[in-house]
Amino acid sequence: MSSRGKSSKVSGFYKMPVEKRVEFVKNFSDLTDEETRIFSSSLDIKTADKMIENVLGTFELPLGVSVNFLVNCKDYLVPMAIEESSVVAAASNAAKIARINGGFTAKCTNPLMIGQLQILNAADIAGAAQNIMDHKKEILLLANAQDKILVDLGGGAKDLEVRILDSPLGKMIVTHLIVDVRDAMGANAVNTMCEAVAPMLEEITGGKVRLKILSNLADRRLVKAKAVFEKEKMGGEHVVDAFLESYTLASVDPYRAATHNKGIMNGIDALIIATGNDFRAIEAGAHAYAARSGQYTSLTTYHKDKNGNLVGEIELPLAVGIVGGAASMHPKARLCRKILGVTTAKELAEVVASLGLAQNFAALFALSTVGIQKGHMSLHAKNIAVMAGAKGNQIDKVAEQLIKEKKIKLDRAKEILAEIR
Ligand code: NAD
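On a predicted model such as this, the values are computed, not experimentally measured, just so you know. (Residues numbered from 1 in each chain as written. Predicted model: local features only at pLDDT ≥ 70, side-chain atom pairs only at ≥ 80, totals over all residues. Heavy atoms only, no water.)

Attention now moves to the side chain of Ser354. Topologically, Ser354 is positioned in helix α15 (residues 345–368). The residues contacting Ser354, other than those within four sequence positions of it, are Phe69, Val71, Phe104, Ala106 and Ala225. (Helix = DSSP H or I, 4+ residues; strand = E, 2+ residues; numbered from the N terminus. Contact = heavy atoms within 4.5 Å.)

Let's shift gears to the sheet that holds strand β8 (residues 222–229). Taken together, four strands build an open sheet; the order of strands is β3-β8-β10-β9 and the sheet is antiparallel. The sheet is open, and its two edges are formed by β3 (105–108) and β9 (300–304), each paired on a single side. Averaged over neighbouring strand pairs, the angle between their axes works out to 10° when direction is ignored. Note: β9 against strand β10 (residues 310–317), five bridges, orientation antiparallel. Along β10, the bridge assignment pairs Lys304 with Leu310. On top of the sheet, helix α10 (residues 237–252) reaches β9 and β10; it is set at about 145° to β9, its chief contact. (Pairing = 2+ DSSP bridges. Axes fitted to C-alpha atoms, helices over the stretch in contact; angles between N-to-C directions.)

For the structure on display, the rule yields seven aromatic pairs. Between the aromatic rings of Phe13 and Phe24, the centroid separation amounts to 5.6 Å while the plane-to-plane angle is 65°, which identifies the pairing as edge-to-face. Here Phe13 is found in the segment before α1 (18–29), whereas its partner Phe24 is found in helix α1, with 11 residues between them in sequence. On the basis of relative accessible area, Phe24 is assigned to the partly exposed category, the value being 23%. An angle of 25° between the planes, with centres 5.6 Å apart, marks the rings of Phe243 and Phe361 as stacked. (Phe/Tyr/Trp six-rings, centres within 6.5 Å; stacked < 30°, edge-to-face > 60°. Buried < 20%, exposed > 50% of the residue type's maximum accessible area, 1.4 Å probe, protein only.)

Turning to the site of the ligand, a few remarks are in order. Around the ligand lies a shell of 21 residues, among which Asp147, Gly186, Ala189, Asn216 and Asp278 are the nearest. Ala189 places a polar main-chain atom, nitrogen or oxygen, 2.9 Å from an oxygen atom of the ligand. Within the side chain of Asn216, one N or O atom sits 3.0 Å away from an oxygen atom of the ligand. Going through the elements one at a time, α7 (148–152) and α8 (187–205) are the ones with two or more residues in the shell around the ligand. (Near = heavy atom within 4 Å. Polar contact = N/O pair within 3.5 Å; in protein donor to acceptor, adjacent residues only side chain to side chain.)

As a further point, take the sheet that holds strand β6 (residues 172–180). One open sheet holds the four strands; their spatial order is β5-β6-β4-β7, and the pairing between them is antiparallel. Of all strands in the sheet, those bounded by a partner on one side alone are β5 (156–165) and β7 (208–214). Pairs of neighbouring strands in the sheet enclose a mean axial angle of 20°, with direction left out of account. Across nine bridges, the pairing between β5 and β6 is antiparallel. What sits directly across from Arg163, in β6, is Val174. Across the sheet, helix α6 (residues 136–144) touches β5 and β6, and the angle it forms with β5 is around 125°. Sheet contacts for α8: β4 (112–120), β5, β6 and β7; angle to β7, the most-contacted strand, approximately 160°.

Time to look at the pairing of β10. When you tally the buried positions in β10, you get six out of eight residues, the bulk of the element. Inspection of the sheet shows β8 paired to β10 by eight bridges, in the antiparallel sense. Among the inter-strand pairings, Phe229 is bridged to a residue of β10, identified as Leu310. Here β9 folds back onto β10 in antiparallel fashion, the turn holding five residues, of which Gly308 has a positive phi close to 85°.

With respect to the secondary-structure elements, Thr275 resides in the loop between α11 (254–274) and α12 (279–290). Owing to a relative accessible area of 1%, Thr275 belongs among the buried residues under this scheme. A C-alpha to C-alpha distance of 33 Å links Thr275 and Arg210, two positions 65 residues apart in sequence. In this structure Thr275 touches Ala327, Ala333, Cys336, Leu340 and Leu348, once residues within four positions along its chain are discounted. A polar side-chain atom of Thr275 sits 3.2 Å from the main-chain carbonyl oxygen of Ile272.

As C-alpha cells, then:
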C-alpha cells in the first residue's frame, strides 16, 4: 500500500480530455480551485521582470504529468515541462512496468555541496595547505556566520578539503568548502560563504584567492535509484537479453553514452524545469559525473537477476532545491511541487533519479524492440501536419493519413491538406 493512500496508477490517462486530467490531478494532490487555475495561466510579467534582466515576455512549454510512479512505497504524479513528444508517455509506461515489482527504491546522500577557492602565489604551497587545515575551525565558523537560517536548520559549512593541483601557472591550492544546504539547491548560499572566507584564506596562506564559487560536480550529493522490470511484461527473457546488448554499447562507447544519457536527461530536465530548478546545473553535474573515470560512460547500469528479470540502476549528483531560486518564485513551480507532494530536497532528488531511470529504461526497451520512431510517429505526424498549415480538426485528419501511408513527410502532408480543402 502506498504511503500516500492514493494510487498514481491510471489507465488511459492520455485519452482523457485535458479538463478530466486536471480534475484527476486536483483530486490526487488536493489542489484548490485557485491552484488548478494556475495550469492555464502564464507567469505574470512583473514576476518575470524580477527574475532576469531585459524581460520582454515569457516562453511557454507544454506541462504534462507522468502517471504510475511508485518511489520508496509512495505514489507520485510527476509533472514534466518538455517540448519533445513521447517522453511523458514513455516514462508513464516504464513506471507501470516497474511498479509490478514494487516500483523504484531510491536513496539520496546528505545535501552536501562543494564551494571552491582557488589560491595562487602562496610561497610555500605545502605549508600553506597545512595552515588552512590548522585553521579549519575558524574558517567554518566564519562561513557559517553568513547563513544563520541554514545553520539553524542543521545545515551549514561542515568540512574543508585542500587539494594541490599542477597547472600551466605552476602549483595552486584549491580549497573545498563542504556545505550542507538542506532543502536548497545551494549555489547562492555556498558562493556567499566562499566569498566571505576568501580574505581569511589569503591571510592564512599569504597567497591570492582568485575563483570563489560552487562546483557543479556535486559528487557529495549523490542519488541512487533502482527498479526491477518484469521480463514477461517486456515480452520475455529474449527481450531482456536484447535490452542488455543495447545497453552494453553505452557502457563502453562515449558516442552511444552521450545519446543514452541524453535520454535520461529527457525525463530529469523536464521535472527539474517543472519544479523551477536549475537544469544547467543538473546537466553539468550529470555529465561531469558520467566522465569521472576519465572515460565518459552511462549513468545507468543494467543486469539480469536470477529470475531473468531486468534490474536497472542509476547514480548521479542532483543539486535540487525546494526553497530558493525560481523554485520559490514561480507559481507553476510551486504548483508542481504540490502535485508531487515532496517535502524535502532529498525526496525530490529521489523522484528525479527514479524518473531518469524510467526514461532510460523506456528508450532502451523501445530501441531493443520496435525502435524509437513508432512511439514518436503519431505526435510527429501531428507536428508535420501543423507545419504543412493544417488547422483545427484538419491536423488529426492529415496526421492519420500520413501514418496510414507510413510516409510522414512535409510534402505529402501539404498534398493531403490540399485534397481535404
Ligand atoms: P537562495 O539563496 O535563493 O536560497 C537559499 C537560502 O534559503 C539558504 O541560504 C537559506 O538561508 C534559506 N533557506 C530557508 N529555508 C531553507 C531550507 N529549508 N533549506 C535550505 N535553505 C533554506 O538559493 P540557493 O539554493 O542558495 O541558490 C540557487 C540559485 O543559484 C539557483 O537559482 C541557481 O540557478 C543559482 N546559481 C547557480 C550557480 C551554479 O550552479 N553554478 C551559480 C550561481 C547561482
